[in-house]
Amino acid sequence: MSRLLVLHISALLMIGAPPAQAEGIGLAGINRATWGLADLSPDVLRSGPGLPAEVQARIEAMRISREPMPQLVVEMDDQIRAANQTSDPTQRQEAKKDWRQAMNALGREAATRSLLRDLYSSDQMREQMTWFWFNQFNVHAEKRDIRAMVGDYEDVIRARSLGRFRDLLEATLRHPAMLRYLDNDQNALGHINENYAREIMELHTMGVGSGYSQKDVQELARILTGVGVRLRPDAPRMKPEWQGLYLREGLFEFNPARHDFGTKHFMGHTIHGSGYAEVEQALDLIANNPATARRLSTRIATYFMGDRPPAALVERMTAAWRQSGGDIASVLNAMTATPAYAASLGHAFKDPVHYAVSAVRYAYGSGADGNVVVNVDPMINWLKRMGEGLYDHQTPDGYPLGASAWTGPGQMEVRFEIAKAIGNGSAGLLRPRDPAVAYQPAVPNLRNALWSGGVDRATSEQTRAVLDQAASPQEWNMLFLASPDFMRR
């Protein structure tokens, strides 16, 4: 077996490949030593997620798919307002409970849809980069009414996850989930709130120590005054000369009556008061700053290759970023075309999301035998137990990318439990949420075509020796999913 083929098979376990995709694995058509990065051409980037019909139908039936996000948010706002105005204390508490349950259901739908896409989408690179960028532009779903927004927020990120970073940056800025989370909807002339301005520069783009000052943060906060959220359908009252500067898209609003039109001095540039055009100028300066290119290239390399990616590779990615104007696909292609990337395969430790998704995807990802995952609640709970719950990180820094955050004894104990549950078919992934619906538990066959097609030869001798001692298929499954090999991407 060639070195490239072994690398290709090893890379299948970055997220985990359905066994059916083992058929026909070979060198033909592979122009990168990985799966999911083989071709990031414009035609591929425009293609759909390629979900099985059964999975797509389940997603389309969700409330977050059927109702536009602005409508959902307004409906939930109306519901809690009505609950708060209920005079009877008992009825008021019941109404608030109903509201919380409805909000939790919206958050659960978003998490379910996200995991189903992770498990069954044919566009795995887009799914991986969606997770990466969501984590980069993190919001906490439990804050305020973000549970009604988070599914749409993830969709906005997914649509731009392989495109131009500048577009992604502005899309997150204009989304009500981000504006609610970092309180910019409360940022107005005379009531400056610096939260979002600080995090844009410190976490989302350039990073601490990259040359910006506290004065730049303050000036960016002034630039962002008036950028907020409006649930009411009518426009606010304002002076006639400001009406032409008012912007509204869905729940996003730029209200010039709340904006500081004074001259700003931001990152060595003078920005004159002009309304939302100031925001555009500031985003251009931030997105095009060399520190943004270097920092985000480093984080992408760390995400895929593990701690301390080679400096030369980061410089290559940074150069691709700057030459392409921040085209994310170009940066990824610059990374995957290198021997350093090929050498990293099988070494980066999986974070909880990659571990859980790769294990379930390997076991039930093809659906060829009729065993399509119908209940991702166990996965949602596993991720919470491992400390990486979806939409659950409270602070804007997102979950850590380094391996040290995920290698503790408690973490590994939960992984062994997951390996055992999936291996013996007791995880409940095939059990419908409706207890009245009968189902037949199924033990997955992990010693399948993918295994015999090359994963066996890409697995260490020590792991193969342990697997040879398994007394049953269930034990073999558990040992494989708990092996050091499967813990790495």
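Asker: How should I be thinking about the overall build of the protein in this particular structure?
Answerer: Helix and strand counts for the protein come out as 23 helices and 5 strands. Burial status across the protein gives 54% buried among its 489 residues. Sequence-distant contacts, at least 24 apart, represent 71% of the contacts inside the protein between residues at least 6 apart. Accessible surface, the protein as shown: approximately 20,400 Å² in total, 50% of it carbon and sulfur.

Asker: Explanation requested: the environment of Arg-164 in the structure shown.
Answerer: Examined against the element boundaries, Arg-164 turns out to sit in the loop between helix H8 (150–159) and helix H9 (165–173). The spacing of Arg-164 and Gly-326 is 162 residues in sequence and 5.5 Å in space, taken between C-alpha atoms. When residues no more than four places from it in sequence are discounted, the contact partners of Arg-164 are Gly-325, Gly-326 and Asp-327.

Asker: What exactly am I supposed to notice about the pattern of salt bridges here?
Answerer: Tallied over the full model, the rule gives 32 salt bridges. With a closest N to O distance of 3.2 Å, Glu-67 and Arg-63 form a salt bridge. The class for Arg-63 is partly exposed, based on a relative accessible area of 22%. The salt bridge partner of Asp-183 is Lys-143, with a shortest N-O separation of 3.0 Å. Pair noted here: Asp-183 is in the loop between helix H10 (176–181) and helix H11 (195–204) and Lys-143 is in the loop between helix H7 (124–136) and H8, with a separation of 40 residues, a long-range link. A residue is classified by how much of its surface remains accessible, and Asp-183, at 12% relative accessible area, is buried. With a relative accessible area of 25%, Lys-143 lands in the partly exposed category.

Asker: Would you explain the sheet that holds strand E2 (residues 247–249) in this entry?
Answerer: Strand pairing in a sheet takes place through backbone hydrogen bonds and is either antiparallel or parallel in direction. Here 3 strands make up an open sheet; going across it, the order is E1-E3-E2 and the pairing antiparallel. Single-partner strands in this sheet number two, and they are strand E1 (227–229) and E2. Shown here is a sheet whose adjacent strand axes are inclined to one another by a mean of 20°, direction ignored. In terms of strand pairing, E1 meets strand E3 (residues 252–254) through 3 bridges, oriented antiparallel. For Gly-228, the partnering residue across the bridge sits in E3 and is Glu-253.

Asker: Can you help me understand the nonpolar core in this one?
Answerer: General note: in soluble globular proteins, nonpolar side chains tend to be found buried as a group. Core analysis: the biggest nonpolar cluster contains 133 residues, and Trp-133 and Ile-300 have the highest contact counts within it. With 10 residues, helix H6 (residues 89–120) is the largest single contributor of residues to this core. Excluding residues that lie within four positions of it along the chain, Ile-300 makes contacts with Met-129, Phe-132, Trp-133, Met-317, Trp-321, Val-331, Leu-332 and Met-335.

Asker: Just to check I follow, could you spell out H6 for this structure?
Answerer: Owing to its 3.6 residues per turn, the α-helix brings residues three or four apart onto one side. Its 32 residues place the ends of H6 46 Å apart at the C-alpha level, agreeing with the 46 Å of an ideal helix rising 1.5 Å per residue. Where H6 begins, one side-chain oxygen reaches toward the backbone nitrogen of Thr-90, 3.1 Å away; that side chain belongs to Asp-88.

Scoring rules and cut-offs
Note on numbering: residues in each chain are counted from 1, in written sequence order. Reporting of local features is limited, given that this is a predicted model, to residues whose pLDDT is at least 70; pairs of side-chain atoms are given and counted only at 80 or more, and all residues count toward the totals for whole chains, interfaces and linings. Hydrogens and water molecules were not included; the side-chain quantities draw on all heavy atoms of the structure. Numbered from the N terminus, helices here are DSSP runs of H or I no shorter than four residues, and strands are runs of E no shorter than two. Whether a residue is buried, partly exposed or exposed follows from its accessible area with a 1.4 Å probe, protein chains only, as a fraction of its type maximum: under 20%, in between, or over 50%, in that order. Pairs of residues are marked as contacts when any of their non-hydrogen atoms sit within 4.5 Å. Exposure was quantified through the Shrake-Rupley algorithm and a 1.4 Å probe, taking into account, for residues, occlusion by the shown protein chains and nothing else. Think of a salt bridge as a Lys or Arg side-chain nitrogen and an Asp or Glu carboxyl oxygen that are within 4 Å of each other. Pairs of strands are assigned from DSSP output, requiring at least two bridges between the strands. Note on definitions: angles span 0 to 180 degrees between N-to-C directions of axes, and those axes are lines fitted to C-alpha atoms, for helices only across the stretch in contact. The term nonpolar core refers to a set of buried residues drawn from Ala, Val, Leu, Ile, Met, Phe, Trp, Tyr and Cys, joined through side-chain atoms within 4.5 Å. Helix span, expected: 1.5 Å multiplied by one less than the number of residues in the helix. Any pair of nitrogen or oxygen atoms within 3.5 Å is treated as a polar contact; in protein, a donor-acceptor pairing is required on top of that, and neighbouring residues in sequence qualify only through side-chain atoms on both sides.

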